[in-house]
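Fold and geometry: a report
For reference, the chains in residue letters:
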Amino acid sequence: MSWNQALAMFPLVAESTLPSDLLSASALPLPEQALCAWALRQRNPTLAGQMAQQVLVRLGPPEGREGLSLWARMQLVLAEECLLHLRLDEAATWMRQAAEAFERADDHHGLRDVQWLRHHEAADRGWVEPQRHHLQQALQHAERMQDADRQCRVQSTMGRADLFRDQTLAFEAWDQKLPKRLDGLSDAVAAAVADFRGLQ
């Protein structure tokens, strides 16, 4: 797989192939271990973080765009693990390192996901305006890469936030931009759209 191209936010990895502990994870080929770490980062963040650390050791100093993107993606796994445990300063460090590597790799898919996580960090810190800024940045990267899935997810999140400010204006701004039906959407995007529609 290519690490500096679009990567599903929640990859569909067969349950039977997901490792249950670090020992079994270490037996996987490096690309598979990295993909499993990304796929498990919310389901089992501790194991995902351990796997990401192991991938970084196995990878060594990253070389080329592919190596930089893979290295940075594992930084995001570690950042998300920290966010889920409210270790916000650690998360910010991992995200900064990931952003620098994605920049060097000219990887806008990765930069989009950095901004998505930074919006969550801002939310956890109670920073209202930075949340919006990071969502707008994420949307710009998604639009640049023509990633309809993440565009819709970010727009749904922005629309939901706007509903709590002014429901009428939010409806006017987002109703026509967001899908009316959930058919064909990924589970994560369908949930975000349904959240917006349910609050109307």
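Heads up: these notes are all about the structure in this document.

What counts, and where the lines are drawn
- Residues numbered from 1 in each chain as written.
- Predicted model: local features only at pLDDT ≥ 70, side-chain atom pairs only at ≥ 80, totals over all residues.
- Heavy atoms only, no water.
- Salt bridge = Lys/Arg side-chain N within 4 Å of Asp/Glu carboxyl O.
- Helix = DSSP H or I, 4+ residues; strand = E, 2+ residues; numbered from the N terminus.
- Buried < 20%, exposed > 50% of the residue type's maximum accessible area, 1.4 Å probe, protein only.
- Axes fitted to C-alpha atoms, helices over the stretch in contact; angles between N-to-C directions.
- Parallel < 35°, antiparallel > 145°, perpendicular 65-115°, else oblique.
- Left-handed = near helix turned anticlockwise from the far one by under 90°.
- Contact = heavy atoms within 4.5 Å.
- Nonpolar A, V, L, I, M, F, W, Y, C, P; charged D, E, K, R; others polar.

**So, the pattern of salt bridges**
Going through the model one piece at a time under the given rule, you end up with 15 salt bridges. With a closest N to O distance of 2.6 Å, R112 and D147 form a salt bridge. In this pair, R112 is assigned in helix α6 (residues 108-125) and D147 in the loop between α7 (128-144) and α8 (148-163), connecting sequence segments 35 residues apart. Per residue, the accessibility class of R112 equals that of D147, and both read buried. Linking D195 and R160 is a salt bridge whose minimum nitrogen-to-oxygen distance equals 2.6 Å.

**Observations regarding the packing of α6 against α7**
Contact pair α6 / α7: the axes reach a minimum separation of 8 Å and the direction vectors enclose 165 degrees. Taken as axis vectors, α6 and α7 run roughly antiparallel relative to one another. For the element pair α6 and α7, the recorded crossing hand is left-handed. Contacts between α6 and α7 involve H108, L111, R112, Q115, W116, R118, H119, A122 and A123 from the former and P130, Q131, H134, L135, Q137, A138, H141, A142 and R144 from the latter. In terms of residue class, the contact of α6 with α7 is built from 8 nonpolar, 7 polar and 3 charged.

**Some points on unusual backbone geometry**
At L86, a residue that is not glycine, the phi angle is positive and equals roughly 60 degrees. For L86, a relative accessible area of 59% puts it in the exposed group. With a phi angle near 55 degrees, D106 is a residue other than glycine that sits in the positive phi range. The topology assignment puts D106 in the loop between α5 (88-105) and α6. For D106, a relative accessible area of 45% corresponds to the partly exposed category.

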